[in-house]
Structure formats: structure tokens, C-alpha cells
Amino acid sequence: MADVDAALDAAGLTNPHVREYVKYWAGITGAERVEVVGADDDARLVQEALDAGELQPVTGGRTYSRSYIKDTARAEERTIVATSDESDKGLYNNWQPSDQAKENYLSLVQGASEGKTMYVVPYLMAPQGSPLEKFAAGVEITDARTVVLHMIRMARVGVNYINELAEPDHFVRAVHVTGDLPNLGQGTPDDKRYFYTIADERTILHFGSSYGGNALLGKIAHGLRLASYDGWKNGFLVEQFLLLGVKDKQTGEVHNIVGGFPSASGKTNLSMTLAPDTLGDRYEIEFYGDDIAWLWPGEDGRLYAFNPEFGVFGVARDTNEKSNPTAIDAIQPGTGTIFTNVAYNEKTQEVWWEGKTKEHPTDLDGWLDWKGERIADRSPETADEAWAHPNSRFTTTMANVPNLAEGYANPAGVPVDAIIFGGRTRDREPLIRSFTDVAEGVYDGLTLGAEATFAADGLEGVLRYDPMSMRPFMSYGEGDYAQHWLDVLGKTTEKPIFAHVNWFQRDPEDGHFLWPGFRENVRALVWLIESKNGLVKGNPTPVGMIPTKDELLLEGLEIEPGDLDTLLTIDIERWKQEIGYREEHLKQFVGLPEEIWEAHRRVAADIDAA
Ligand code: GTP
Ligand code: SPV
Ligand code: MN
């Protein structure tokens, strides 16, 4: 048994409630040692992980980690929100009574960390001094050293964040036990993985993974899922949103945009992007956040937002000098980046993923694929398999992001000028359409329909609705969620503009993307801001304003004229069909506010009349 008191004393962890919580779980899991960690421990822990073979070295002081082969993405069907109130049950949150969840968890983790170290990771998911700081403190306990190293990059980590809480008992208890990964029956009827959020007790209990959102509990489980429940009860919104500023270098004006796109649909890329060369003299994108935003009505009547995270857990695939030079800079030698499930060269200590370069390295010597298998030994049958897992990622801390906004850590947050939704939609959705009515904006978010991606196990390509991009992170009922959105925005006097964007429309014949995407997406954002400022009029349609060709800044854009025409028009027949699908979708939500139904009927009637 670990001498928990000695470990907590040595680290100067004085908060009595945290001490009690750590002791309780050390007893249950049977951890052999307890160690409190902070950001200062990073270099030592990296070295320990290298020595133990948990990480491999990558040139320039970076590292590589390979997760268990069946543990490479979030497992949505194993993710459960539990509370003591059955009216919290929604369509998507896999609700369970909390007693049942806690009992099952206790049986799973009894003695499960025997012989291991239990790391205690105190963290804060907010800029210090924020009005929402009260909801941001947490303590993850984990039996995986690589999880600690990710947390240090992704969150503010240190004992100071929990020793002096105004309410010492008000922190999130986040328990992570890895489990015996090769024997958990992943994806079988006897699956032993459970990822619980006990929302009304501010407790997270995860078992059976050491990957991403399943294991770095500050990020998705606290920062998104649990915090959205806190937000519902306390008057703020918590969303899977990027947060960026569009800076006009000529006038010095900055307009801030939040964007909800489902997992692996372009939030990191957009928030880190550079304006295309032909617009670069005029516009600049400032990075605040790429995955989560907390939003609240400010005293001046505007909507405010901040990013609770401290780093970026970005999809590696197709990240290259052309698509995202900023991201490439953020993962250079000297950044301390951890690469996960990409291909690795054990001789040269380099990494590679699909789309990093056009062709994979020609000299196969030393290369291992994401499963750790030697590429040079592949058989003709496996020769064409991807080298990197599609959900392979890089983890880098915020300070490495070259376009980081100066005020990213400002506790006051930034005012939000626009809210955009988007996803992978192969037809129907134009490049961008904008609207100003709040109910219509919320309605649009609730009916966000997109193709699922590889960021969740086994779902790639399935068309599904993903309200506000929150489907996997929803913590309470959708009707209440919609009402909460209306309430929060109802408290603002200066409303943001809304837009729906789509970078992923395809040619029905050959499947190519009609829009070149990536840096070119800035053109659509600039149009949106000009439209908010009344500088462009747009072309009115039943589903919002879309840009005319003259209004979009097209200089230097390479695109087929026919493709551009398709991107800027509405297929009314296809939209009529969509309205029927939406009706079925929205009917599933218990207690959907009448305002949302009214918005739906208005849009439907306008489409019918078109
Ligand atoms: P999560 O971290 O899972 O929430 O994902 P995300 O929304 O931040 O997605 P990210 O920016 O990492 O992009 C996911 C994938 O989409 C990557 O492989 C990108 O290369 C690709 N992608 C991003 N933007 C575009 C775009 O404008 N066009 C095209 N064709 N692909 C894009
Ligand atoms: C997502 O899947 O939306 C992510 C990555 O941001 S993970 O942390 O694995 O959830
Ligand atoms: Mn995400």
C-alpha cells in the first residue's frame, strides 16, 4: 500500500478534500505508489517514459507513443452520463442512474492499479481569474504516465490550482484507470470499458482506455461533457467549438468567431490557418482554441468566450506545409510534441502520416506502421494499408502555436461576433449561408447533419445529425439544451450573427471536393464579417444569405467555375427532402421549445414557396 500522506506532503498538496479523495481511490485501486505531478515534472517524466519504453524518441526532443491497437479513438457507445435524476436522460447521453454506474465502476477498478503508480494531476480548465474559474478546477488521478504527459500539454497543471480554491470542495474528481487493455473485449458483446460522467456529483469515472478523450479527463470529460451540465445549471454554455479572431491588419479590427464542427471536421485546421497569400496582407487568423469554448453573457450585453484548454490534440492526417503551415510550425523540433499512432522510423527517429508528404518515404528501412509492424516486411495484401491510423494525432502545448492570440489567457474572455456550424456534408449545404435570427441559429445548430468521422470508433462515413457538434458530449436532454441556448442568448443585447459553412461538398460523379478548403476557407469568414458589418448584401435564400460571386474575395483561388456555381446555389428539391428528415430528427427531442419548431416551420414554408 502506498503511503499517500507522505506523497501528498512531499508535493505540498494541502487541500483536505483533495487529500481525502486521493486516499479513497488509492485504497480501492490498490496503487503501489502515489505521486503528485505538475508541469515542472515534465522533463523527468518524459525521460522515465522513454526509459520504460512507453514512449520512443523523435528528433528534436519530441516523442512518439503507440496506443493499444483496439484503443485508438473515443468509444461513444461505452460513454455514459449518470445522474440521480431520470429527467436528465436525453437521446444521446446514454443516461443511467448514478448508483448503478458507481457500483459497476467500483467492481471494475477494485485492485486494478496494483503494482502501479497512481499519478495525481491537479489542473485548471480556464484562464486563471476567469468568472467561470469555479467550474474549472479538477484533479485527475491516473495510472498511466503517458496520460500525465498529455495532460501537462493540454491543461494548466499544478498543485497551486487546487490548494487555494475559494470553495475547497468544489473541484472535479476525475478517476482514470487504464485496465488490462488486451483483455477488455473491445467492440464485443462482453466489452468491459466504461466511461462514466456522474454529472450531478461532478465526478468522472473512466475505465478501459489510455487514449485521447477517453483518458485525458480534463479535456473532453470535464471541459466539455461535465462542464456542459455545470453550464446548464449555472447560466453558461459549453460547446465543442473552435474560437478564433479574424484580424483586419489595415484597420486593426478583430472579429471573433466560434465554430461547431463535429470531431475530425476541421476545427483545428481553421483556428490555426493562415489567410491565403493573396489575402495575407490584409487578414490574419488569431488562435484562441481549436476544440472547446465556454460562453456566457457579459455585463455589456455581448456574448463572451474563452478556451479552457492549454494545448492542441490535433489530427495528423493531411497536415502539411501547404494545408496547414502553422500546425507544422507548432510541432517542430523543440516543441516537446508527442505524436500518437503515426508511423515511426526506429532508426532515424522520424515520424510520417498520410498527407504529410505526397508519397510515403521511399527508403522503407526502419519504418514501422502505427501497429508497430515493419513496413518493409508487408505482404502484397497489406502493402496498401495506411502507415498511420486515420485518427493519429499530435499533442502540442498552446505556447507553440505561432498564431496564438495575445489575449488567449485573458480571464475576461473575448466578445463573440459570429457563431458558425459546419460538418462533412457531401451535398446540399453551400459554402456558407448566414442568418441573424437567434431561434433560427439554434435551430440550424440542432439540425447540423454530417458524415461521422474516424474520431469515434467504427462510424466513419455514416450520415447522422450531430446537434451543435455536441452529440458525443451531450450531458442532458436535447429539449433542455435547446432552451438553455435560447436563454443564454436571450440575455445578450448585441447578438452574434450565425452561419452554416461546408468545406466538404463533393462532385457526385468523381467525388472530388468542390472547394479547395484549408487556407481558402478564410475567404468565407471574411465574407461573413463583411456581411455582419453591412458591407456586402448577399443573395437571399430560404436558408439564409449566400455570397454572390462578386462579394467573395476570389483573387488567387484555383477553382473550376462550375464548382463555384454549385457551392453558391441552393438545391431546393434536395432541401425539401431535408426538411422531412429534420422533422423526424427534431421529433425525437423531448420538450423541444416552441420557438425552435416555429423556426423550423418558417424555413420549411420558405423552401416550399421558393
Ligand atoms: P477533433 O479534434 O476530432 O475535434 O477534430 P477537428 O474538428 O479539430 O478536425 P481537424 O482540423 O483536425 O481536421 C480533421 C481532418 O479534416 C484532417 O485530416 C484535416 O486534414 C481535414 N480537413 C480540415 N479542414 C479541411 C478542409 O477545409 N478541407 C478538407 N478537404 N479537409 C479538411
Ligand atoms: C474529438 O474526438 O472531438 C477530439 C479528440 O477532440 S478526443 O480528445 O479523443 O475526444
Ligand atoms: Mn473535438
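Not measured: the values here are computed from a predicted model.

Colleague: Quick question: what am I supposed to make of the sheet that holds strand β21 (residues 351–352) here?
Modeller: Whenever strands of a sheet pair, they do so through backbone hydrogen bonds, lying parallel or antiparallel. In space, the 3 strands of this open sheet follow the order β21-β20-β22, with antiparallel pairing throughout. If you trace the sheet from one side to the other, it starts and ends with β21 and β22 (367–368), each paired once. Where strand β20 (residues 343–345) lies against β22, 2 bridges are found, and the strand directions are antiparallel. Pairing of N345 across the sheet is with W367, part of β22.

Colleague: Please clarify how the side chain of S475 should be interpreted in this entry.
Modeller: Its location among the elements puts S475 in the loop between β28 (463–465) and α12 (478–490). Given a relative accessible area of 0%, S475 falls into the buried group. Excluding residues that lie within four positions of it along the chain, S475 makes contacts with V81, D88, N93, R225, S228 and Y229.

Colleague: I keep staring at the site of ligand 2 and nothing clicks. Help me out?
Modeller: All residues adjacent to ligand 2 are R74, G212, G213, K219, I220, Q240, S263, D291, F313, R393, A455 and F473. Side-chain polar atom of S263 to an oxygen atom of ligand 2: 2.5 Å apart, as the coordinates give it. For ligand 2, whose free accessible area comes to 290 Å², the fraction covered by protein is 98%. Using a 2 Å cut-off from the grid points, one finds that ligand 2 occupies the largest pocket. Among the secondary structure elements, those contributing two or more residues to the shell around ligand 2 are α7 (212–215) and α8 (218–234). The residue inventory of the shell around ligand 2, partitioned by class, reads 4 nonpolar, 4 polar and 4 charged.

Colleague: Sorry, what's going on with unusual backbone geometry here?
Modeller: Apart from glycine, the bulk of residues carry a negative phi angle, and the bulk of peptide bonds sit in the trans form. Backbone geometry places R428, a non-glycine residue, at a positive phi of 70 degrees. Judged by its relative accessible area of 8%, R428 falls in the buried class. Backbone geometry at M468 places phi at a positive 55 degrees, although glycine is not the residue there. For M468, the position within the fold is in the loop between β28 and α12. A relative accessible area of 0% places M468 in the buried class.

Colleague: I tried to follow the packing of helix α11 (residues 438–446) against α12 on my own but got confused; where do I start?
Modeller: Between two packed helices, both the angle of their axes relative to each other and the distance between the axes serve to describe the pair. The N-to-C vectors of α11 and α12 enclose an angle of 145 degrees; their axes lie 10 Å apart at closest approach. Crossing geometry of α11 relative to α12 is assigned as right-handed. Residues V438, A439, V442 and L446 of α11 form the contact with α12, whose participating residues are Y481, A482, W485, L486 and L489.

Colleague: Help me understand the site of ligand 1, please; the structure alone is not making it clear to me.
Modeller: Taken together, 23 residues are adjacent to ligand 1, and A264, K267, T268, R393 and F518 come closest. Here an oxygen atom of ligand 1 and a backbone polar atom of A264 are 2.7 Å apart. In the model, an oxygen atom of ligand 1 is placed 2.8 Å from a nitrogen or oxygen of the T268 main chain. At a threshold of 2 Å from the grid points, most atoms of ligand 1 map onto the largest pocket. Secondary structure elements with two or more residues in the shell around ligand 1: α9 (267–271) and β18 (311–315). Take the shell around ligand 1: its biggest share by element is 3 residues, from α9. Its residues assigned to classes, the shell around ligand 1 shows 9 nonpolar, 8 polar and 6 charged.

Colleague: I tried to follow the pattern of salt bridges on my own but got confused; where do I start?
Modeller: A side chain of one charge can pair with a side chain of the opposite charge when the charged atoms of the two come close. Applying the stated criterion across every chain, the model contains 49 salt bridges. Note that R582 is salt-bridged to E578, the shortest N-O span being 3.1 Å. Residue R582 and its partner E578 are located together in helix α15 (residues 572–587), separated by 4 residues, close to a single helical turn. Classification of R582 by relative accessible area gives buried; the value is 1%. For E578, a relative accessible area of 3% corresponds to the buried category. Each of E35, D41, R44, E48, E54 and R145 takes part in one network of salt bridges that share partners.

Colleague: Would you mind showing me how to read the coordination of the manganese ion (ligand 3) here?
Modeller: Under ideal tetrahedral coordination, the four donors around a metal are separated by 109.5 degrees; under ideal octahedral coordination, the six donors are separated by 90 or 180 degrees. Looking at the manganese ion (ligand 3), the protein donor atoms are Q240 (OE1) and D291 (OD), and they sit 2.1 to 2.2 Å from it. Of the two residues, Q240 is situated in the loop between β12 (237–239) and β13 (242–248) and D291 in the loop between β15 (283–289) and β16 (293–297); the sequence distance between them amounts to 51 residues. According to the relative accessible area criterion, D291 is buried, its value standing at 10%.

Colleague: What should I look at first to understand the layout of surface pockets in this one?
Modeller: Leftover empty space is mapped by rolling, across the atoms, a probe with the size of a water molecule. By volume, the largest pocket amounts to about 860 Å³. In this structure, the largest pocket is lined by 43 residues; those nearest its centre are A264, S265, G266, R424 and F454. Among the elements of the structure, α7, α8, α9 and β18 are those that each provide at least two residues to the lining of the largest pocket. Sort the elements by how many residues they give to the lining of the largest pocket and α9 lands first, with 4 residues. Of the residues assigned to the lining of the largest pocket, the class counts are 17 nonpolar, 13 polar and 13 charged. Counted as a void, the second largest pocket has a volume near 480 Å³. Taken together, 16 residues form the lining of the second largest pocket, with K322, P516, G517, F518 and E520 sitting closest to its centre. Partitioned by chemical class, the residues of the lining of the second largest pocket number 4 nonpolar, 5 polar and 7 charged.

Colleague: Can you help me understand the side chain of R173 in this one?
Modeller: If you trace the backbone, R173 turns up in strand β9 (residues 172–177). At 3.4 Å, the side chain of R173 and the backbone oxygen of F171 are in polar contact. With near-sequence residues (within four places) excluded, R173 lies in contact with H17, Y21, V139, R202, T203 and I204.

Colleague: Just checking my understanding: could you explain the pairing of strand β11 (residues 203–207) for this structure?
Modeller: The two faces of a sheet get side chains in turn, since along a regular strand they alternate between them. By the criterion of burial, β11 is predominantly enclosed, with 5 of the 5 residues buried. Side chains T203, L205 and F207 project from β11 onto one buried face, and the interleaved I204 and H206 project onto a second face that is buried too. Pairing between strand β10 (residues 194–198) and β11: 5 bridges, direction antiparallel. Paired with Y194 across the two strands is F207, which belongs to β11.

Each value, and the rule that gives it
- Throughout, residues of each chain are indexed from 1 in the direction in which the sequence is written.
- Chains carry letters from A onward and ligands carry numbers from 1 onward, assigned in written order.
- Owing to the predicted nature of the model, reporting of local features is limited to residues with pLDDT of at least 70; listing and counting of side-chain atom pairs is limited to 80 or more, with chain, interface and lining totals taken over all residues.
- For the side-chain quantities, the full set of heavy atoms in the structure was used; hydrogens and water were omitted.
- When DSSP finds two or more bridges between a pair of strands, those strands are recorded as paired.
- Only DSSP runs of H or I with at least four residues qualify as helices, and only runs of E with at least two residues qualify as strands; both kinds are numbered from the N terminus onward.
- Only protein chains enter the accessibility calculation, which uses a 1.4 Å probe. A residue is then buried if its area is under 20% of the maximum for its type, exposed if over 50%, and partly exposed in between.
- We call two residues in contact when some of their heavy atoms are within 4.5 Å.
- One heavy atom within 4 Å of a molecule or strand is enough for the residue carrying it to be called near that molecule or strand.
- Under this definition, polar contacts are N or O atom pairs within 3.5 Å; protein pairs additionally need one hydrogen-donor-capable and one acceptor-capable atom, and for neighbouring residues in sequence, both atoms have to be side-chain atoms.
- Note on areas: these come from Shrake-Rupley sampling with a 1.4 Å probe, and a residue is covered only by the protein chains present in the view.
- A cavity, in this analysis, means grid points on a 1 Å lattice covering only the protein atoms where a 1.4 Å probe fits yet has no way out; a pocket is instead an open set bounded by protein on both sides within 12 Å along at least five of seven lines, and a residue lines either one if it has an atom within 4 Å of a point.
- Being in a pocket or cavity means that more than half of the molecule's atoms lie within 2 Å of its grid points.
- Only Asp, Glu, Lys and Arg are considered charged in this grouping, and only Ala, Val, Leu, Ile, Met, Phe, Trp, Tyr, Cys and Pro are considered nonpolar; every other residue, Gly among them, is considered polar.
- The axes are straight lines fitted to the C-alpha atoms, using for helices just the contacting stretch, and the angles between their N-to-C directions are given from 0 to 180°.
- Whether a crossing is left-handed or right-handed is set by the direction in which the near helix is turned from the far one by less than a right angle, anticlockwise for left-handed and clockwise for right-handed.
- Salt-bridge detection follows one rule: a side-chain nitrogen of Lys or Arg within 4 Å of a carboxyl oxygen of Asp or Glu.
- Atoms of type N, O and S within 2.8 Å of a metal are treated as its donors, and for Na, K and Ca the window is 3.2 Å; water is not considered, so some sites may appear to be missing partners.
- Grid points are joined across faces, edges and corners, and a volume is the space filled by probe spheres set on the points.

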